[in-house]
Amino acid sequence: MTREFIVFDDANAVARATAERVIAAGEEAIADHGRFFFALTGGSTPLMVCPLLVVPPLVNALDWSKVEFFFGDERAVPARHPESNYNLARTALLDYLPRVRPGQVHRMIGEAADLDAACRAYEALIARTLGAPHGAISSFDLIWLGMGSDGHTASLFPDTAAIHESIRWVVPNWVPKLDAWRMTMTYPLLNAAREVNFVVTGSDKAVAVASVRDGPGDVPAAGVDAARTVWYVDREAAGLTEPAASGGDASDRAASG
């Protein structure tokens, strides 16, 4: 499988390209099988991209009634908690999209007393909604991911148990550095996706981006390698000091993996 790195001048250009790819991927999926199975991320990515998706022309470019929204990870907090990924997506995106019914939004139950049971229920929900041949892994049409400066993605943090999971699709994960539990999709599910888009900006991510792109690939994000994995990064995250020659459009495309 191949990773593609596309470098843009700045975060605004990254956000624009990411938003446009969401619309294109959604159109492709709906034309192919009638629904768009889309997993959202938390962190700063929604705050960059979602404002572009909820206004014309993009908000009118997709039939949002045919989108099934899932989440790549969640914090162990209630739905309306300020740190909830669901709450972030709701206030930045979901509340503003036309023709989206509550039943299309499938949140992780972060406040569950038994997080393992909640993760197993989420796995069952994914299998039931997306469908898959018996014994196969369900395939999302598009999964959004960000990356922290430590190279974590979703809630797959360095030196945590979830990065070693090879069977389960969704698991609880204790993150010592945060002193907190998370729920997260795992590599088997992420890598079964038809497409994964990483959205990464800022110079603090440059070392981790280089580890994925050039080696040694020892950060958690390097473990994500779907059928199509595209990294949308700004020049700071790419470790570049000169502006993109194309004035904000993709300035560098490199494949690895």
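Attention in this report is confined to the structure presented alongside it. (Residues numbered from 1 in each chain as written. Predicted model: local features only at pLDDT ≥ 70, side-chain atom pairs only at ≥ 80, totals over all residues. Heavy atoms only, no water.)

## A word on the overall build of the chain
Phase 1: Along its length, the chain carries six helices and ten strands.
Phase 2: With the principal axes as the frame, the chain shows a C-alpha extent of 50 × 45 × 35 Å.
Phase 3: Taking all contacts inside the chain whose residues are at least 6 apart in sequence as the whole, residues at least 24 apart take part in 76%.
Phase 4: Taking the 22 positively charged and 32 negatively charged side chains of the chain as two groups, their mean positions are separated by 6 Å. (Helix = DSSP H or I, 4+ residues; strand = E, 2+ residues; numbered from the N terminus. Contact = heavy atoms within 4.5 Å. Lys, Arg positive; Asp, Glu negative; His and termini not counted. Charge placed at Lys NZ, Arg CZ, Asp CG, Glu CD.)

## Quick word on the sheet that holds strand S7 (residues 180–185)
Phase 1: On the basis of which strands lie adjacent, the open sheet formed by three strands has the order S4-S7-S6 and antiparallel pairing. Of all strands in the sheet, those with a lone pairing partner are strand S4 (73–75) and strand S6 (170–175), marking the two edges. The sheet shows a mean angle of 25° between the axes of neighbouring strands, taken without regard to direction.
Phase 2: Bridge count between S6 and S7: six bridges; the pairing is antiparallel. By the bridge assignment, Val 171 is partnered in S7 with Thr 184.
Phase 3: Here helix H4 (residues 115–130) sits on the sheet in contact with S6 and S7, set at roughly 145° to S6. (Pairing = 2+ DSSP bridges. Axes fitted to C-alpha atoms, helices over the stretch in contact; angles between N-to-C directions.)

## With respect to unusual backbone geometry
Phase 1: Here the residue pair Pro 56 and Pro 57 is connected by a cis peptide bond, since its omega of 5° sits within 30 degrees of zero.
Phase 2: Take Pro 57: it is sitting in the loop between helix H2 (45–53) and strand S3 (67–71).
Phase 3: The omega angle of the peptide bond from Gly 215 to Pro 216 is 10°, so this bond is cis rather than trans.
Phase 4: With respect to the helices, strands and loops of the structure, Pro 216 is situated in the loop between helix H6 (206–214) and strand S9 (229–234).
Phase 5: Of note in the backbone geometry, Arg 99 takes a positive phi value of approximately 65° without being a glycine.
Phase 6: Note that Arg 99 resides in the loop between helix H3 (85–92) and H4.
Phase 7: One non-glycine residue, Asp 179, adopts positive backbone phi at about 50°.
Phase 8: Mapped onto the elements, Asp 179 comes out in the loop between S6 and S7.
Phase 9: With relative accessibility at 60%, the residue Asp 179 sits in the exposed group. (Buried < 20%, exposed > 50% of the residue type's maximum accessible area, 1.4 Å probe, protein only.)

## Things to note about the side chain of Glu 74
Phase 1: Assignment of secondary structure puts Glu 74 in strand S4.
Phase 2: The side chain of Glu 74 is buried and forms no salt bridge, while Arg 75, the nearest opposite charge, is found at 5.1 Å.
Phase 3: At a separation of 3.3 Å, a polar atom in the side chain of Glu 74 contacts the side chain of Ser 84.
Phase 4: Within the structure, the side chain of Glu 74 is placed 3.0 Å from the backbone nitrogen of Tyr 86, a separation counted as a polar contact. (Salt bridge = Lys/Arg side-chain N within 4 Å of Asp/Glu carboxyl O. Polar contact = N/O pair within 3.5 Å; in protein donor to acceptor, adjacent residues only side chain to side chain.)

## Concerning H4
Phase 1: Taking 1.5 Å of rise per residue, the 16 residues of H4 would be expected to cover 22 Å, and the 22 Å separating its terminal C-alpha atoms lies within 8% of that figure.
Phase 2: Close packing links the buried residues of H4 with strand S2 (36–40), S3, S6, S7 and helix H5 (187–190).
Phase 3: Where H4 starts, the residue carrying a side-chain oxygen 3.2 Å from the main-chain nitrogen of Asp 116 turns out to be Asp 114.
Phase 4: Backbone geometry just downstream of H4 places Gly 131 in the positive-phi region, at approximately 75°. (Expected span 1.5 Å × (residues − 1).)

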